[in-house]
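Understanding the architecture of this molecule
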Amino acid sequence: MKTPLLPLRLAGGITDGIRRAWELVVPGTCHFCDALLFRSAERVPALPEYLEDGEEAYFPEDLRLCRECLEALRPEIAHRCRFCGAKNKGRLHDCEQAKYSLDVRHLGYDRVIPLDDYRLRLREAILRMKLPRYDGLSASLARLYGFYHEKQLRHLRLDFIVPVPMHRLTRMARGTSSPDIFAGILGKTLGLPVFPGLLRVNRLTKLQRSLKMEEREANVAGCFSVRYPFLAGSAIREEFWRIFKNRRVLVVDDVLTTGATCAEVSRVLRTELGVTYVAVAVLAKARGRNAAENQKEEEDDW
Ligand SMILES: [Zn+2]
Ligand SMILES: [Zn+2]
């Protein structure tokens, strides 16, 4: 017997048509608050935003955020310390990270570029981004980051991007990795290759935010390494070294607090692959001298 394909196709075509017509009116919802974004309304502010160098720019159209959310997530343009990411007034400040990075060991990263401080709505957004349901929010925040820092990142003449890796069990439990999404979008914005699988996590570490500042460095020491292909001999390792030697890399993560994790990633990239320059892109810079104070500061934000 012949299956009634034609009516099915017709029905499919009609629902598809209705969906498309609906999308002409409402192209989507805000990635943060789920408000409907009507095409007729101005989705993004029509006024230009002023970038760090005072240049005017308009928010990109593909930012799926409503006006209120964009206003709440809009970063404060401020001069920041290139080592710790904290706001400073263009002067050198007493920076632990700088002392560490300028140390003879110099294996840490060369500079960090945060979008904003880890507080209020940005903090809420980053906490949500740990769930797969908010992958769209990760993408929108990555685009917002690209909007503010594309020029600065291009000046750094980077060669490739590596997201901070996540242990496979953590990833399995969460079902997503926001640094991977962030890195993917930045890769497209800057036209650079992204290597999400270049590094591996050797062991499950304690949550950095549950530890005191001085314990964090020890917690991540030796926890990352380069992921070579299975049974890779010395020839393949030499090939990796040849490819990455003297390259300039952008390491991507969501939050930077002490910088211990990113410094450890830099150390591995420098010692195992011969990378010479490491910049770090993070969505937020968390203050905090120890876990208890951090907790208090975070609570004060509410
Ligand atoms: Zn919204
Ligand atoms: Zn500093």
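Cut-offs used in this document
Residues numbered from 1 in each chain as written. Chains lettered and ligands numbered in written order. Predicted model: local features only at pLDDT ≥ 70, side-chain atom pairs only at ≥ 80, totals over all residues. Heavy atoms only, no water. Salt bridge = Lys/Arg side-chain N within 4 Å of Asp/Glu carboxyl O. Helix = DSSP H or I, 4+ residues; strand = E, 2+ residues; numbered from the N terminus. Buried < 20%, exposed > 50% of the residue type's maximum accessible area, 1.4 Å probe, protein only. Phe/Tyr/Trp six-rings, centres within 6.5 Å; stacked < 30°, edge-to-face > 60°. Pairing = 2+ DSSP bridges. Axes fitted to C-alpha atoms, helices over the stretch in contact; angles between N-to-C directions. Contact = heavy atoms within 4.5 Å.

1. Some points on the pattern of salt bridges
Applying the stated criterion across every chain yields a total of 20 salt bridges. For Arg19, the salt bridge goes to Asp16, with nearest N and O atoms at 2.7 Å. Residue Arg19 and its partner Asp16 are located together in helix H1 (residues 5-25), separated by three residues, close to a single helical turn. Taking the relative accessible area as the measure of exposure, Arg19 reaches 40% and is therefore partly exposed.

2. Describing the packing of aromatic side chains
Two measures describe an aromatic ring pair: the distance that separates the ring centres and the angle between the ring planes. Counted under the stated rule, the structure contains nine aromatic pairs. Each ring, one from Tyr145 and one from Phe182, has its centre 5.2 Å from the other, and the planes form 80 degrees; the classification is edge-to-face. Placement of the pair is Tyr145 in helix H5 (residues 135-155) and Phe182 in helix H7 (residues 178-190), with a sequence separation of 37 residues. Taking the relative accessible area as the measure of exposure, Phe182 reaches 2% and is therefore buried. An angle of 85 degrees between the planes, with centres 5.6 Å apart, marks the rings of Phe195 and Phe244 as edge-to-face. One end of the pair, Phe195, is in the loop between H7 and strand E7 (199-201); the other, Phe244, is in helix H9 (residues 234-244), and 49 residues separate them in sequence. We classify Phe195 as partly exposed; its relative accessible area is 32%. By relative accessible area, Phe244 is classed as buried at 6%. In this structure an aromatic cluster arises from ring pairing among Phe160, Phe195, Tyr228, Phe240 and Phe244.

3. A few points about the sheet that holds strand E6 (residues 160-163)
Taken in spatial order, the four strands of this open sheet run E5-E10-E9-E6, and their pairing is parallel. Across the chains shown, the open sheet's two edge strands, defined by having one partner strand only, are strand E5 (111-117) and E6. Across the sheet, the mean angle from the axis of one strand to that of its neighbour is 20 degrees, orientation sign disregarded. In terms of strand pairing, E5 meets strand E10 (residues 277-285) through six bridges, oriented parallel. Considered in E10, the bridge of Arg111 is made with Ala279. Along the sheet, helix H4 (residues 120-128) contacts E5, strand E9 (248-256) and E10; its crossing angle with E10, the most-contacted strand, is approximately 105 degrees. Its contacts with the sheet put H7 on E6, E9 and E10, and the angle it makes with E9 is roughly 135 degrees.

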